[in-house]
Amino acid sequence: MYGSASTHDLPTTAVTGLENEDPILLAEFEARIARGEKIEPGDWMPALYRKQLTRMIEQHAHSEIIGSLPEGTWITRAPGFRRKMAQMAKVQDEVGHAQLLYSAAETLGKTREQMLTDLINGKSKYSNVFNYPTPTWADSNVISWLIDAGAIVNQLANAKGSYGPYCRALDRICAEEAFHLKYGHDAVVHMATGTPIQREMMQAALNRWWPAIMTFFGPSDKMSVHTEILMRWKVKMASNDECRNQFLDMYVPKIWEIGLTLPDANLRKNEETGQWEFTEPDWEDFKRVINGDGPCNAERIAVRRAAEENGAWVRRALLTPKTQYVRPLA
Amino acid sequence: MIQSHDPRMNRLGLPDAPAPAVAKEALDQFGTYEVFHQKKEGAPFVYVGPVHAPEADVAFLFAKEQFSRRFACTGLWVVPTAAITLTDYVGDTESAYDTLPLLAKSSAAPAPDSRYTDDTAGEEAAYAAGEEDYDIFHLKKRGKAHQHVGKVRASSPADALQVAKAVFGEQRPVVNVWAARSADILRSDDEDRDIWTTTPEKKYRDAISYKVQDRIEKFKAENQ
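All of these numbers come straight from a predicted model, not from anything done at the bench.

**Re the overall build of chain A**
If you tally the helices and strands in chain A, you get eleven helices and two strands. Reading the secondary structure of chain A in the N-to-C direction produces α-α-α-α-α-α-α-α-α-β-β-α-α. Relative to a compact globule of 330 residues, whose C-alpha radius of gyration would be 20 Å, chain A shows 20 Å and is just as compact. Across its three principal axes, chain A shows a C-alpha extent of roughly 65 × 60 × 35 Å. The burial tally for chain A puts 60% of its 330 residues in the buried class. Nonlocal contacts in chain A, meaning residues at least 24 apart in sequence, comprise 79% of its contacts between residues at least 6 apart. On chain A, roughly 12800 Å² of surface is accessible, and the fraction owed to carbon and sulfur atoms is 57%. Computed over 38 positive and 42 negative side-chain charges, the separation of the two mean positions in chain A equals 5 Å.

This is the structure we're talking about:
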């Protein structure tokens, strides 16, 4: 579970193309959403809804598949057989989530070939946190626990969104996440309450990952573009800042209770407002990394691309002449 | 060469320079199959999602991995997406059967129709005349999953929806109906049911096997 619901490249103009939509169909569409009914693939939908959802679900799928790489790094060296098995099961879950999500995005009209092409050519975005490396086992544990925790905050919100196929995929994904969260928490607690060296290693990993974690939910609401219409259409279910605040509320106390610290002297909860205060993340750096200049961008894309290319001959050999592509139904 | 923390990646010897853009060929990812699973014996088959696969057997393997890996499952069906005929979607309180074209009363239709009665001779004649079985699935609420409601015998997919309307049309709401020719569905065999008993041994992937709270309490007690 890796999705950060904020698509990283929302349209910069507030509303695009709505003036070209049929007002009667648009009113029916909005009325359906307002009365709590889901939208299904056969329904009429505004072009902006289709475009925005495709982008969001596709980025979520890419995040699952790319996100399995930094944890996959540690499968062969996870300490002990049981952890190897668990790490493998978790990585397999993430790849399975990508499959579910690509299919949900396909129901909107973009083929899986097009999505994978955009991924391996560096045209699509995925969650920016995976452009950072996992130099130690503890780094992998931080992803398993805290990145998954962040994704759960997002995905539980998005599972209440308006698009049927995405909701179905997320229900399934969320059900598998219970394991990831507990597994990750267990791994972090094990290190944090272990020997001084283990403890030090975990603290160092947390220090490395904290700035990226703080950007996980996307730019601050005060910086991000107009999302009111996406909220009304139940494409976006909670603002970036709401998600971030909820995450901090749930997990900072759990981090502190095992004696770990966080590398931000300004991090504290304002009990009057109920909001967490923190040092504003470096959004310029975030932009630089998401646009390709991070420590692992090239590796992530190259590895994914090599996998696609090395498996191509097998897929060609299996392809039968009568195969025809039909968009998945739901 | 790209230097990774993952020794497996280093063995690939990946070049540093960005590779030139490539586009995947059409059908690189094959066609799709829609998958239905059964949660426990006797329960109806419920839609779980599509898989991409070159043929039905492979679709079945992928579906088993994807949809029965983590959850209890006692049976699986896969059917090519193209083999499913569907109605329009309607609202959560309506019936999709109401969107089907109304049939003109035909004097040619045998009455009583053997499709709705226990008429073995009529049934055999109908199969001989080219009628086939179709499995029918209903979606009861938008955002939920299609569920198997039963079989009908019909001369075409469009006919199958009409027969389904006569047989199941009283049910409400029915947001959407799928009809699939029964012969197009690859089904798990009852004799192979031991393939489903794989999950209980894998405790390491159950949330419940991680007793993290005990360790936290012990740590807190020692450090106060």
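**Some thoughts on the interface of chain A and chain B**
Put simply, an interface is often sized by how much accessible area is lost when its parts join up. Between chain A and chain B, the residue contacts involve 75 residues of the former and 62 residues of the latter. Taken together, both faces of the contact between chain A and chain B bury some 6100 Å²; the carbon and sulfur share is 60%. Where chain A touches chain B, the interface holds nine salt bridges. Here glutamate 176 of chain A makes a salt bridge to arginine 69 of chain B, at a shortest N to O gap of 3.8 Å. On inspection of chain A and its partner chain B, the count reaches 29 residue pairs in polar contact (both at pLDDT 80 or more). Elements represented by at least two residues in the side of chain A that touches chain B include exactly helix H2 (47-72), helix H3 (81-106), helix H4 (112-120), helix H6 (164-192) and helix H11 (297-318) of chain A. By residue class, the composition of the side of chain A that touches chain B is 29 nonpolar, 21 polar and 25 charged.

**Structural notes on the environment of lysine 140 of chain B**
Tracing the chain through its elements places lysine 140 of chain B in the loop between strand S5 (132-139) and strand S6 (147-154). The contacts of lysine 140 of chain B, once residues within four sequence positions are left out, are Asp92, Gln147, Pro173 and Val175 of chain B.

**Thoughts on a negative patch on the surface**
A cluster of like negative charges, contributed by Asp189, Glu191, Asp192 and Asp194 of chain B, occupies part of the molecular surface. Structurally, the position occupied by aspartate 194 of chain B is in the loop between strand S8 (186-187) and helix H5 (212-222).

**So, the pairing of strand S3 (residues 75-80) of chain B**
Residue and element names in this part refer to chain B. Counting buried residues along S3, five of its six residues qualify, which places the element largely inside the surrounding structure. Bridge analysis of strand S1 (residues 31-38) against S3 gives six bridges, and the strand direction is antiparallel. Across the sheet, the residue bridging to phenylalanine 36 is tryptophan 77, located in S3. Examined bridge by bridge, S3 and S8 share two bridges and lie antiparallel to one another. Bridged to valine 78 within S8 is leucine 186.

**Considering the layout of surface pockets**
Residues and elements named next belong to chain A. Approximately 1000 Å³ is the volume found for the largest pocket. Looking at the largest pocket, it is lined by 36 residues, and the ones nearest its centre are Ile65, Val95, Gln99, Arg112 and Arg304. A total of ten residues in the lining of the largest pocket trace back to one element, the largest contributor, which is H11. Tallied by class, the residues present in the lining of the largest pocket amount to 20 nonpolar, ten polar and six charged.

**A few points about the pattern of salt bridges**
When the charged atoms of two side chains with opposite charge come close together, those side chains can pair. Under the criterion given, the structure shown has 43 salt bridges over all chains. Arginine 244 of chain A serves as the salt-bridge partner of aspartate 241 of chain A, at 2.9 Å between the closest nitrogen and oxygen. Of this pair, aspartate 241 of chain A and arginine 244 of chain A both sit in helix H9 (residues 240-257), separated by three residues, roughly a single helical turn. We note a salt bridge from lysine 151 of chain B to aspartate 135 of chain B, for which the minimum N-O separation is 3.8 Å. You can see lysine 151 of chain B sitting in strand S6 and its partner aspartate 135 of chain B sitting in strand S5, a full 16 residues away along the chain. Of the residues examined, lysine 151 of chain B reaches a relative accessible area of 45% and is grouped as partly exposed.

**Some words on the pairing of S1 of chain B**
Residues and elements named next belong to chain B. Among the eight residues of S1, eight are classified as buried, and the element is accordingly described as predominantly covered. Residues of S1 alternate between two faces, with Gly31, Tyr33, Val35 and His37 on one and Thr32, Glu34, Phe36 and Gln38 on the opposite face, all of them buried. As judged from the seven bridges shared by S1 and strand S2 (residues 46-53), these two strands associate in the antiparallel manner. Each residue of the ladder has a partner; that of glutamate 34, found in S2, is proline 50.

**Details of the packing of H3 of chain A against helix H2 (residues 56-68) of chain B**
One can describe the packing of H3 of chain A onto H2 of chain B by two numbers: an axis separation of 10 Å at closest approach and a directional angle of 110°. On the basis of their axis angle, the class for H3 of chain A and H2 of chain B is roughly perpendicular. Like other packed secondary-structure pairs, H3 of chain A and H2 of chain B cross with a definite hand, here left-handed. Together, Gln92, Gly96, Gln99 and Leu100 of chain A of H3 of chain A and Glu65, Gln66 and Phe67 of chain B of H2 of chain B make up the contact between the two elements. Residues belonging to the contact of H3 of chain A with H2 of chain B are distributed by class as follows: two nonpolar, four polar and one charged.

**Quick notes on the packing of aromatic side chains**
Residue and element names in this part refer to chain B. Applying the stated criterion across every chain, the model contains 21 aromatic pairs over all chains. Ring plane angle 80° and centroid distance 6.1 Å describe the contact between phenylalanine 36 and tryptophan 178, whose orientation is recorded as edge-to-face. On the criterion of sequence distance, the pair formed by phenylalanine 36 in strand S1 and tryptophan 178 in strand S7 (residues 176-181) is long-range, its members being 142 residues apart. Grouping residues by exposure puts phenylalanine 36 and tryptophan 178 together as buried. Here the aromatic residues Phe36, Phe45, Tyr47, Trp77, Phe137 and Trp178 are joined through ring pairs into a cluster of three or more. Here the guanidinium or amino end of arginine 153 rests over the ring plane of tyrosine 127, the centre of that ring lying 5.5 Å away.

**Comments concerning the side chain of glutamine 87 of chain A**
All names here are of chain A. Along the polypeptide, glutamine 87 turns up in helix H3. Of note is the side chain of glutamine 87, whose polar atom sits 2.8 Å from the backbone oxygen of glutamate 71. Those residues in contact with glutamine 87 that sit more than four places away from it in its chain are Glu71, Trp74, Ile75, Trp137, Ser140, Ser144 and Tyr183.

**A closer look at empty space enclosed by the protein**
Counted by the stated rule, this structure contains seven cavities of 30 Å³ or more. If you add up the space inside the second largest cavity, you get close to 70 Å³. Together, Ala312, Arg315, Arg316 and Leu319 of chain A together with Glu25, Ala26, Leu27 and Asp28 of chain B line the second largest cavity. The residue inventory of the lining of the second largest cavity, partitioned by class, reads four nonpolar, no polar and four charged.

**Considering the packing of H6 of chain A against H5 of chain B**
Two numbers describe how H6 of chain A lies on H5 of chain B: the axes approach to 9 Å, and their chain directions differ by 25°. One element, H6 of chain A, and the other, H5 of chain B, form an angle in the roughly parallel class. Regarding H6 of chain A and H5 of chain B, the two cross each other, and that crossing is left-handed. Residue-level contacts link Lys182, His185, Asp186, Val189, His190 and Ala192 of chain A of H6 of chain A to Val212, Arg215, Ile216 and Phe219 of chain B of H5 of chain B. Broken down by class, the residue content of the contact of H6 of chain A with H5 of chain B amounts to five nonpolar, two polar and three charged.

**Notes on the confidence of the model for chain B**
For chain B, the average pLDDT comes to 91, and 93% of its residues sit at 70 or higher. When the criterion is pLDDT under 50, residues 107-111 of chain B qualifies, and its contacts beyond four places in sequence or with other chains add up to zero contacts.

Cut-offs applied
Residues numbered from 1 in each chain as written. Chains lettered and ligands numbered in written order. Predicted model: local features only at pLDDT ≥ 70, side-chain atom pairs only at ≥ 80, totals over all residues. Heavy atoms only, no water. Helix = DSSP H or I, 4+ residues; strand = E, 2+ residues; numbered from the N terminus. Rg over C-alpha atoms; globule rule 2.2 N^0.38 Å. Buried < 20%, exposed > 50% of the residue type's maximum accessible area, 1.4 Å probe, protein only. Contact = heavy atoms within 4.5 Å. Areas by Shrake-Rupley, 256 points an atom, 1.4 Å probe, with all protein chains shown as cover. Lys, Arg positive; Asp, Glu negative; His and termini not counted. Charge placed at Lys NZ, Arg CZ, Asp CG, Glu CD. Buried area = accessible area lost by both parts, 1.4 Å probe. Salt bridge = Lys/Arg side-chain N within 4 Å of Asp/Glu carboxyl O. Polar contact = N/O pair within 3.5 Å; in protein donor to acceptor, adjacent residues only side chain to side chain. Nonpolar A, V, L, I, M, F, W, Y, C, P; charged D, E, K, R; others polar. Patch = residues over 30% accessible without salt bridge, like charges linked within 9 Å, V, L, I, M, F, W, Y side chains within 5 Å. Pairing = 2+ DSSP bridges. 1 Å grid on protein atoms, 1.4 Å probe; cavity = no way out; pocket = protein on both sides within 12 Å on 5 of 7 lines; lining within 4 Å. Points joined across faces, edges and corners; volume = space filled by probe spheres on them. Axes fitted to C-alpha atoms, helices over the stretch in contact; angles between N-to-C directions. Parallel < 35°, antiparallel > 145°, perpendicular 65-115°, else oblique. Left-handed = near helix turned anticlockwise from the far one by under 90°. Phe/Tyr/Trp six-rings, centres within 6.5 Å; stacked < 30°, edge-to-face > 60°. Lys NZ or Arg CZ within 6 Å of the ring centre and 35° of its normal. pLDDT = per-residue confidence, 0-100.

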